[in-house]
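Residues per chain are reported as follows:
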Amino acid sequence: MSNPIPTITLTDTPACAAALLDAAQTLGFVYITLDGSGLAAGDIDGMFTLSQSFFALPDADKAACAITAANKGWSSVGSETLDPATQKRGDFKQAFNIGEFTPASEPQQPLPPLLSAETPRIAAFSRACHTLCTRLLRLFAVALELPSTYFDASHDSPALGPSGSILRLLYYPPPPAGYAPGDGDMRAGAHSDYGSVTLLFQRAGQGGLEILAPGGGWKAVPVVEGAVCVNIGDLLSYWTAGLLRSTVHRVVAPEGETGERYSVVYFCHPVDSTPLAPMPSRVVQERGRRGANDADEGGVLTASEHLAGRLAATYGWGKKDDAAE
């Protein structure tokens, strides 16, 4: 199966920045090799092992840390519906959202004992993911003809305040009897991500990611071993007046595959108080009055306001109190 997404090796060069920008403008997705990423394969494997152990726990144990409107905690199968317009049932997946850690690597949410015992490992992995996202944002800044550190302060959390950044463990059980993709059943319904940059870690032989092609139609994205999948989120797309593409994607159970799927995702967000004001980039300003460039019309959104609107649409928060994901 051919892969519609390019694979590149990160280097801190203008050529790499240009390659990232090209991928972000066309499909909004790119694979980057672990070689040069600063991430170790063994650390990624350790997170998958920890995730498998957690999701094997009884639901009652996981529910002790159920998700709240703070977007942290455990969500059960069917409790999240990412594409309510076409899905008759919720997503066939479980998830556990882990928010930011303090500078002393302490969690800022309740964790079940199994995860709490591994706090140093989880915190270190979360920091490594954030460091990689900072590097990616610096390369995007260079490509946008901005100072390389343009995004640094806005993403310096928790030093400058909290953010919506989340490390998410995901488990997709084997499709149950009656699972009907033709009738709208999905492992993860069609959606775009909410933040700046997303890192997706997958396992070989556990496919299912599909992206909506610019011309329409779904394209399967094979897993690339030894690489992490990177995609642009809604916030960064809005901030760059749509120049960087936040592509709709979903997770399906590939035809003929009856096994389970695990993934680990890091969603990078700016500090909550960051104003999404027009950025001083000639490349972005040429986009005209779109996204953040149209801020004069409706006022400048903050990062937290942007995220709150997206979460409310996904979970129905505001329609019912603290609905579980």
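Above this note sits the structure.
Residues numbered from 1 in each chain as written. Predicted model: local features only at pLDDT ≥ 70, side-chain atom pairs only at ≥ 80, totals over all residues. Heavy atoms only, no water.

**Structural notes on the packing of aromatic side chains**
The description of two aromatic rings rests on the distance between their centres and on the angle between their planes. Evaluation of the coordinates by the stated rule reveals 8 aromatic pairs. On the numbers, 5.0 Å between centres and 70° between planes, the contact of F54 with F55 is edge-to-face. F54 sits in the buried class, given a relative accessible area of 0%. Overall, F55 belongs to the buried group, its relative accessible area being 5%. With a centroid separation of 5.5 Å and an interplanar angle of 70°, the aromatic rings of F151 and W239 are classed as edge-to-face. (Phe/Tyr/Trp six-rings, centres within 6.5 Å; stacked < 30°, edge-to-face > 60°. Buried < 20%, exposed > 50% of the residue type's maximum accessible area, 1.4 Å probe, protein only.)

**What about the packing of helix α2 (residues 41–55) against helix α5 (residues 119–143)?**
Relative orientation of the contacting elements α2 and α5 amounts to 130°, with a least axis distance of 11 Å. One element, α2, and the other, α5, form an angle in the oblique class. Helix-helix and strand crossings are classified by hand; for α2 and α5 the assignment is left-handed. Contacts from D43, I44, G46, M47 and L50 of α2 reach α5 at R121, I122 and F125. (Axes fitted to C-alpha atoms, helices over the stretch in contact; angles between N-to-C directions. Helix = DSSP H or I, 4+ residues; strand = E, 2+ residues; numbered from the N terminus. Parallel < 35°, antiparallel > 145°, perpendicular 65-115°, else oblique. Left-handed = near helix turned anticlockwise from the far one by under 90°. Contact = heavy atoms within 4.5 Å.)

**Side note on the sheet that holds strand β11 (residues 249–251)**
Overall, antiparallel pairing links the 4 strands, which are arranged β6-β11-β8-β9 in an open sheet. Edge positions in the sheet fall to β6 (188–191) and β9 (218–220), since each of these pairs with one other strand and no more. With direction set aside, neighbouring strand axes in the sheet form an average angle of 20°. Alignment of β6 against β11, held across 2 bridges, turns out to be antiparallel. From the neighbouring strand, H191 faces β11, where its bridge partner is H249. (Pairing = 2+ DSSP bridges.)

**As for the pattern of salt bridges**
Tallied over the full model, the rule gives 14 salt bridges. Measuring nitrogen to oxygen at the nearest pair gives 2.6 Å for the salt bridge that ties D152 to R138. Here R138 lies in helix α5 and D152 lies in the loop between α5 and β5 (166–172), a separation of 14 residues in the sequence. Its salt-bridge partner being E286, residue R282 comes within 2.8 Å of it at the nearest N-O pair. Among the ionic contacts, a cluster of salt bridges with common partners joins E80, D91, K93 and R168. (Salt bridge = Lys/Arg side-chain N within 4 Å of Asp/Glu carboxyl O.)

**Digging into the nonpolar core**
Among the nonpolar cores identified, the biggest contains 65 residues, and L20, L136, L144, L199 and F201 are the most heavily contacted of them. The biggest single contributor to this core is α5, with 12 residues. Once residues within four sequence positions are removed from consideration, L136 is found in contact with L10, L20, I32, V197, L199 and V230. Core analysis: the next-biggest nonpolar cluster, separate from the first, contains 22 residues, V221, V265, L307 and L311 among them. (Core = buried A, V, L, I, M, F, W, Y, C linked by side-chain atoms within 4.5 Å.)

**Topic: α2**
If you check α2, its first and last C-alpha atoms are 21 Å apart, about what 15 residues at 1.5 Å a residue would give, namely 21 Å. All of the buried residues along α2 are I44, G46, M47, F48, L50, S51, F54 and F55. (Expected span 1.5 Å × (residues − 1).)

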